[in-house]
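Chains, contacts and geometry: an overview
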Amino acid sequence: MKHIWTICLFLYGWTAGAQEVRDSVRVHFRQGYSTFSPAQYNNQSTLDSMLSRMWQYTNDSSLRLSHISIIGGASPEGSIPLNKRLSQKRAKSLRTYLQERLLLPDSLIHSSFVGRDWNGLIKSAATTDSLPYQEETLALLRQIAADTVSGDRKDPLNSLISLHGGIPYRYMYRHLFPELRAVKLLFHYEPTQTVVHDTICQTDTVYIRDTIYIATRQETAPASDAAARRPYYLAIKTNMLYDLLLVPNIGVEVYLGKSWSAGGNWMYAWWKTDRKHRYWRTYGGDLYLRRWLGSKAKAKPLTGHHLGLYGGIVTYDFELGGRGYLGDKWSYHAGIEYGYAHPIARRLNLEFNIGIGYLGGEYKEYLPIDNHYVWQATKRRHWFGPTKAEISLVWLIGRGNINQGKGGKK
């Protein structure tokens, strides 16, 4: 049987100096997101349980709800300004969620944020015996927390990443950081001798069965709002080897999340000198999918080592005063690649890539004779070996897509 209750609490009067009762839970957020989702990370049942206890406490005439504390936090990866904004927006998002469902005075809800939750990480690291180099890691974390309180403006993340080759950092990133992407919610209750009045008024519909469930409407943040809250990583690049060969080119790479990225390159050159029978023509491109590896890639997307798959097409006409080679139909290539991206400035990387695979397609050989191009043979190319080489200058674009300690803002 369903019983529909509507709740609004106006409870006054308490015994001075009495001991406070606190009830706390943590609600979690996706990495890089500030929009609260009850459907994720068991958040709905967590809030249901807390509100069920609130119902029990406030129906006990000896207790009153004095205030609610909402404390936003974030895990350490990402820039300091980004994590401050992220933790602030997470606290605001949960506050809005509660205000829409419980008719409570604004003065009853206190919001704050901590940015990177170093103290939370210290507590988790201290109770995790399987953390590699636990004592040294704890000592460094405590020093970082102390420097943060003292107002040290340097970003300490690099020192944490470099500790013992990044082994403790990688462990914490996988096992401890998810717990820090959260908002801590505390309900404070104070004992009271008398209840002046207990008013029942309508807020949101509550269904009472074994526990309390809050019937909520499904809300989807506008795409523009979600994009404003979420960090994103984009790279614009040019292969300097092709530039040296007078083949203009451009590439774009997008970070997909969870250490995956995808991108594409395009080149175009159409140089010719008819009187000297010189032709330098080519255009085409490729697409690729990459998996980023290692501690540097975990700490900062699009950085460090990667492995990938690629495939592309190209057409060409090369003739430098002698025999010419014309691929007037598309040639194609595919293979596997390895690369490494090294930060050189706040928004710049230098990237090295080598690919090995197959190149195939039809081409024609010709000779320039008496202002004519005389066909000699039509052949098919079957090449196994290096089919890709890049030394690229990479421009990093996006919110949070910066190299810490490489100049610019701190």
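Since the structure is predicted, the reported quantities are computational estimates derived from the model, not experimental observations.

Rules and cut-offs
Residues numbered from 1 in each chain as written. Predicted model: local features only at pLDDT ≥ 70, side-chain atom pairs only at ≥ 80, totals over all residues. Heavy atoms only, no water. Phe/Tyr/Trp six-rings, centres within 6.5 Å; stacked < 30°, edge-to-face > 60°. Buried < 20%, exposed > 50% of the residue type's maximum accessible area, 1.4 Å probe, protein only. Helix = DSSP H or I, 4+ residues; strand = E, 2+ residues; numbered from the N terminus. Core = buried A, V, L, I, M, F, W, Y, C linked by side-chain atoms within 4.5 Å. Contact = heavy atoms within 4.5 Å. Polar contact = N/O pair within 3.5 Å; in protein donor to acceptor, adjacent residues only side chain to side chain. Pairing = 2+ DSSP bridges. Salt bridge = Lys/Arg side-chain N within 4 Å of Asp/Glu carboxyl O. pLDDT = per-residue confidence, 0-100. Axes fitted to C-alpha atoms, helices over the stretch in contact; angles between N-to-C directions.

Under the defined criterion, the tally for this structure stands at 17 aromatic pairs. Seen in terms of ring centroids, Tyr316 and Phe318 are 5.6 Å apart; in terms of plane orientation they differ by 15°. Their pairing is stacked. Accessibility expressed as a relative area gives 11% for Tyr316, which makes it buried. Between the aromatic rings of Tyr358 and Phe384, the centroid separation amounts to 4.8 Å while the plane-to-plane angle is 45°, which identifies the pairing as tilted. Placement of Tyr358 in strand 14 (residues 348-369) and of Phe384 in strand 15 (residues 372-397) is noted, with a sequence separation of 26 residues between them. Residue Phe384 is classed as exposed on the basis of its relative accessible area, which comes to 64%. Aromatic ring contacts, followed pair by pair, group Tyr268, Trp270, Tyr283 and Trp330 into a single cluster.

Within soluble globular proteins, side chains that are nonpolar tend to cluster in buried spots. Judged by nonpolar contacts, the single largest core of 24 residues is most densely connected at Ile68, Ile70, Leu94, Leu185 and Phe187. Mapped onto this core, the elements with two or more residues apiece are strand 2 (21-28), helix 1 (43-58), strand 3 (63-74), helix 2 (80-101) and strand 5 (182-191). If near-sequence neighbours (up to four positions away) are discounted, Ile70 is found in contact with Ala91, Leu94, Arg95, Leu98, Ile109, His110, Ser111, Ser112, Val183, Lys184 and Leu185. Judged by nonpolar contacts, the second largest core, of 20 residues, contains Trp118, Ile122, Leu141 and Leu180.

Here the focus is the side chain of Ser69. Mapping Ser69 onto the fold places it in strand 3. Side chain to side chain, Ser69 and His188 meet in a polar contact 2.9 Å long. Excluding residues that lie within four positions of it along the chain, Ser69 makes contacts with His110, Lys184, Leu185, Leu186 and His188.

Regular strands place their side chains on alternate faces of the sheet. Within strand 3, 11 of the 12 residues are buried, leaving the element largely enclosed by the surrounding structure. As paired elements, strand 3 and strand 5 share 9 bridges and run antiparallel to each other. Pairing of Leu65 across the sheet is with Tyr189, part of strand 5. The sheet contact formed by strand 3 and strand 4 (residues 109-116) spans 6 bridges and is parallel. Looking at the pairing, Ser69 lines up with His110 of strand 4.

Enumeration according to the criterion identifies 17 salt bridges in this entry. Lys237 is the partner of Glu351 in a salt bridge, and the nearest nitrogen-oxygen pair spans 3.1 Å. Placement of Glu351 in strand 14 and of Lys237 in strand 8 (residues 234-239) is noted, with a sequence separation of 114 residues between them. In this structure Lys237 comes out as buried when scored by relative accessible area, which is 4%. Here Glu337 and Lys388 are joined by a salt bridge, their closest N and O atoms 2.9 Å apart. Residue Glu337 is located in strand 13 (residues 324-345), and its partner Lys388 is located in strand 15; the two are separated by 51 residues in the primary sequence. Both residues of the pair, Glu337 and Lys388, count as buried. One connected set of salt bridges, linked through shared partners, spans Lys237, Glu253, Asp286, Arg290, Glu337, Glu351, Lys388 and Glu390.

Right, let's get into the confidence of the model for the protein. On average, residues of the protein carry a pLDDT of 80, and 83% of them reach 70 or more. Averaged over each element, pLDDT in the protein is lowest for strand 1 (residues 3-5) (34) and highest for strand 8 (95). Note on residues 1-17: pLDDT under 50 across the span, and 54 contacts to partners over four residues away in sequence or across chains. Note that pLDDT drops below 50 for residues 194-229; the model gives that stretch 77 contacts with residues more than four away or on any other chain.

This next bit is on the sheet that holds strand 2. Pairing in this open sheet of 4 strands is mixed, and the strands run 2-5-3-4 from one edge to the other. Two strands lie at the open edges of the sheet, namely strand 2 and strand 4, each paired on one side alone. Geometrically, the sheet is characterised by an average inter-axis angle of 20° between neighbouring strands, direction not taken into account. Where helix 2 meets the sheet, it contacts strand 2, strand 3, strand 4 and strand 5, and its direction lies at approximately 155° from that of strand 4.

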